[in-house]
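Geometric and topological summary
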Amino acid sequence: MNQQDLESRFQDKIDREVKIEAKDWMPDAYRKTLIRQISQHAHSEVVGMLPEGNWITRAPSLRRKAALLAKVQDEGGHGLYLYAAAETMGVSRDQLLDELHTGKAKYSSIFNYPALSWADMGAIGWLVDGAAIMNQVMLQRTSYGPYSRAMIRICKEESFHQRQGYEILLTLVRGSAEQKAMAQDSLNRWWWPSLMMFGPSDAESTHSAQSMAWKIKRKSNDVLRQAFVDATVPQAQYLGLTIPDPDLKWNEETGHWEFGPIDWDEFWNVVKGNGICNRQRLRDRVNAHEEGAWVRDAALAYAEKKQARKAVVTP
Ligand SMILES: [Fe+2]
Ligand SMILES: [Fe+2]
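Here goes a summary of the coordinates provided. (Residues numbered from 1 in each chain as written. Chains lettered and ligands numbered in written order. Predicted model: local features only at pLDDT ≥ 70, side-chain atom pairs only at ≥ 80, totals over all residues. Heavy atoms only, no water.)

1. Brief notes about the nonpolar core
Tyr-30, Tyr-144 and Trp-191 are the most contacted members of the largest nonpolar core, which totals 78 residues. At 11 residues, helix α6 (residues 118-139) tops the list of elements feeding residues into this core. Residue contacts for Tyr-30: discarding those within four places in its chain leaves Phe-10, Ile-14, Ile-20, Met-89, Ser-143, Tyr-144, Trp-214 and Ile-216. (Core = buried A, V, L, I, M, F, W, Y, C linked by side-chain atoms within 4.5 Å. Buried < 20%, exposed > 50% of the residue type's maximum accessible area, 1.4 Å probe, protein only. Helix = DSSP H or I, 4+ residues; strand = E, 2+ residues; numbered from the N terminus. Contact = heavy atoms within 4.5 Å.)

2. Describing empty space enclosed by the protein
For the structure on display, the rule yields 1 cavity of 30 Å³ or more. If you add up the space inside the largest cavity, you get close to 40 Å³. Taken together, Ile-14, Glu-17, Val-18, Lys-19, Ser-143, Lys-215 and Arg-218 make up the full set of residues lining the largest cavity. Per-class residue counts for the lining of the largest cavity are 2 nonpolar, 1 polar and 4 charged. (1 Å grid on protein atoms, 1.4 Å probe; cavity = no way out; pocket = protein on both sides within 12 Å on 5 of 7 lines; lining within 4 Å. Points joined across faces, edges and corners; volume = space filled by probe spheres on them. Nonpolar A, V, L, I, M, F, W, Y, C, P; charged D, E, K, R; others polar.)

3. Let's talk about the pattern of salt bridges
Tallied over the entire structure, the rule returns 15 salt bridges. Put simply, Arg-16 and Asp-12 hold a salt bridge, and the shortest N to O gap is 3.0 Å. One salt bridge in this structure joins Glu-167 and Arg-63, with 3.2 Å as the shortest N-O distance. Taken as a pair, Glu-167 in helix α7 (residues 145-173) and Arg-63 in helix α4 (residues 62-87) lie far apart in primary sequence, 104 residues in all. For Arg-63, a relative accessible area of 53% gives the class exposed. Each member of the salt-bridge network shares a partner with another, and the members are Glu-52, Lys-71, Glu-75 and Asp-129. (Salt bridge = Lys/Arg side-chain N within 4 Å of Asp/Glu carboxyl O.)

4. A closer look at the coordination of the iron ion (ligand 2)
Those donors, Glu-75 (OE), Asp-129 (OD), Glu-158 (OE) and His-161 (ND1), are the protein atoms that reach the iron ion (ligand 2), and they lie 2.0 to 2.2 Å from it. One can describe the donor arrangement at the iron ion (ligand 2) as irregular, given that its 4 donor atoms subtend angles of 88 to 167° at the metal. Summarised as a motif, the one-chain spacing of the donors to the iron ion (ligand 2) is E-x53-D-x28-E-x2-H. (Donors = N, O, S within 2.8 Å, 3.2 Å for Na, K, Ca; no water. Tetrahedral: all angles 85-135°; square planar, octahedral: opposite > 155°, others 65-115°.)

5. Digging into the packing of α6 against helix α10 (residues 221-239)
Two elements in contact, α6 and α10, have axes separated by 10 Å at closest approach and are oriented at 145°. Crossing geometry of α6 relative to α10 is assigned as right-handed. Within the contact between the two elements, α6 uses Trp-126, Leu-127, Gly-130, Ala-131, Met-134, Asn-135 and Met-138 and α10 uses Leu-224, Ala-227, Phe-228, Ala-231, Thr-232, Gln-235, Ala-236 and Leu-239. When grouped by side-chain class, the residues that make up the contact of α6 with α10 number 11 nonpolar, 4 polar and no charged. (Axes fitted to C-alpha atoms, helices over the stretch in contact; angles between N-to-C directions. Left-handed = near helix turned anticlockwise from the far one by under 90°.)

6. Things to note about the coordination of the iron ion (ligand 1)
For the iron ion (ligand 1), the full set of protein donor atoms is Glu-45 (OE), Glu-75 (OE), His-78 (ND1) and Glu-158 (OE), at a range of 2.0 to 2.2 Å. Viewed at the metal, the 4 donor atoms of the iron ion (ligand 1) are separated by angles of 83 to 155°, and the geometry they form is irregular. Coordination of the iron ion (ligand 1) draws on donor residues from a single chain, spaced E-x29-E-x2-H-x79-E in sequence. Between the iron ion (ligand 1) and the iron ion (ligand 2) the interatomic distance comes to 3.3 Å, and Glu-75 is a ligand of both metals. Placement of Glu-75 in helix α4 and of Glu-158 in helix α7 is noted, with a sequence separation of 83 residues between them. Both residues of the pair, Glu-75 and Glu-158, count as buried.

7. Digging into a positive patch on the surface
Judged by side-chain charge, Lys-305, Lys-306, Arg-309 and Lys-310 come together as a positively charged surface patch. Within the secondary structure layout, Lys-305 lies in helix α13 (residues 293-313). Of the residues examined, Lys-305 reaches a relative accessible area of 57% and is grouped as exposed. (Patch = residues over 30% accessible without salt bridge, like charges linked within 9 Å, V, L, I, M, F, W, Y side chains within 5 Å. Areas by Shrake-Rupley, 256 points an atom, 1.4 Å probe, with all protein chains shown as cover. Lys, Arg positive; Asp, Glu negative; His and termini not counted. Charge placed at Lys NZ, Arg CZ, Asp CG, Glu CD.)

8. Observations concerning the side chain of Gln-164
In this fold, Gln-164 is placed in helix α7. Judged by relative accessible area, Gln-164 falls into the buried class, the value being 9%. For Gln-164, the contacting residues outside a window of four places in its chain are Ala-67, Lys-71, Met-121 and Gly-125.

9. Focus on the packing of aromatic side chains
Inspection of the entire model under this criterion finds 11 aromatic pairs. Centre to centre, the rings of Tyr-30 and Trp-214 are 5.5 Å apart; their planes meet at 90°, and the pair counts as edge-to-face. You can see Tyr-30 sitting in helix α2 (residues 28-47) and its partner Trp-214 sitting in the loop between α9 (208-213) and α10, a full 184 residues away along the chain. By the burial criterion, Tyr-30 is buried, and Trp-214 matches it. Ring geometry for Trp-264 against Phe-267: centres 5.2 Å apart, planes inclined by 90°, an arrangement best described as edge-to-face. On the criterion of helical spacing, the pair formed by Trp-264 and Phe-267 is a turn pair, its members being 3 residues apart in helix α11 (residues 264-274). Ring pairing ties together the aromatic residues Phe-10, Trp-25, Tyr-30 and Trp-214, which thus form one cluster. (Phe/Tyr/Trp six-rings, centres within 6.5 Å; stacked < 30°, edge-to-face > 60°.)

10. Quick notes on α13
Taking 1.5 Å of rise per residue, 21 residues should cover 30 Å, and α13 covers 31 Å from first to last C-alpha, within 8% of that figure. In terms of burial, α13 is a largely surface element, 0 of the 21 residues being buried. (Expected span 1.5 Å × (residues − 1).)

What follows is the structure in structure tokens.
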């Protein structure tokens, strides 16, 4: 079969909603785009463990500690599913981690902001996991089978993450004036970076059109961002908190919340490595990897022992 036939057969499958699997023929650019997207996603999960991991020892009660610990562990698990999904496309996990640790690969820029107070554990769960869910619900139907199946599992856990965050804030806003102020301060700092999580606006986004045709993405950045704002504003109102946007207003005709301009200079600056925590996050991630070497060695030695025993027992 020539290249053109292969390509039209591939696109036809996608159009008919048939999943592309690891051993199927696929265009190089599809493979490349997905490796980049899935690995960035995996990196975001594991780097995302850092700002919250910092607060496990400082959680205000045993219940909060257990919930946060479970949440942070989930994120590590998400990283694992996603690295495994990326590996089905022919890259090794070592290679992907190497790209992360040397600063070649990107991860979600939201994790380059610092988590300064306990209320930030609330705002991160509510807004950051909330924004991630908007994106990930759509990715459950992405055209690449292993990625889509990983996302189905991840989405189940994400809604727990969002609720545990919202509940932290709900408790704070019902507490003392200082606690409510802490919740408001946290919303003030996390609101705009959360909107930036959806990426550049559609007019500026370079990969979008092809990704939509391949059904890697199914909704544009701006559509997802709007859906997030529409879902989140009433939740902020219920908390009695003010969204830090003087231009925010309800449009009766469109049925959407209109919001003010996003500071894209800030976004690109953080993406380029100049956010408050970029260096710290990368250093912590590299340290965690190096300190975990003995765990990987032990697991490998155990697997080899088990293999050897099996070889002796089975004739
Ligand atoms: Fe996650
Ligand atoms: Fe999460």
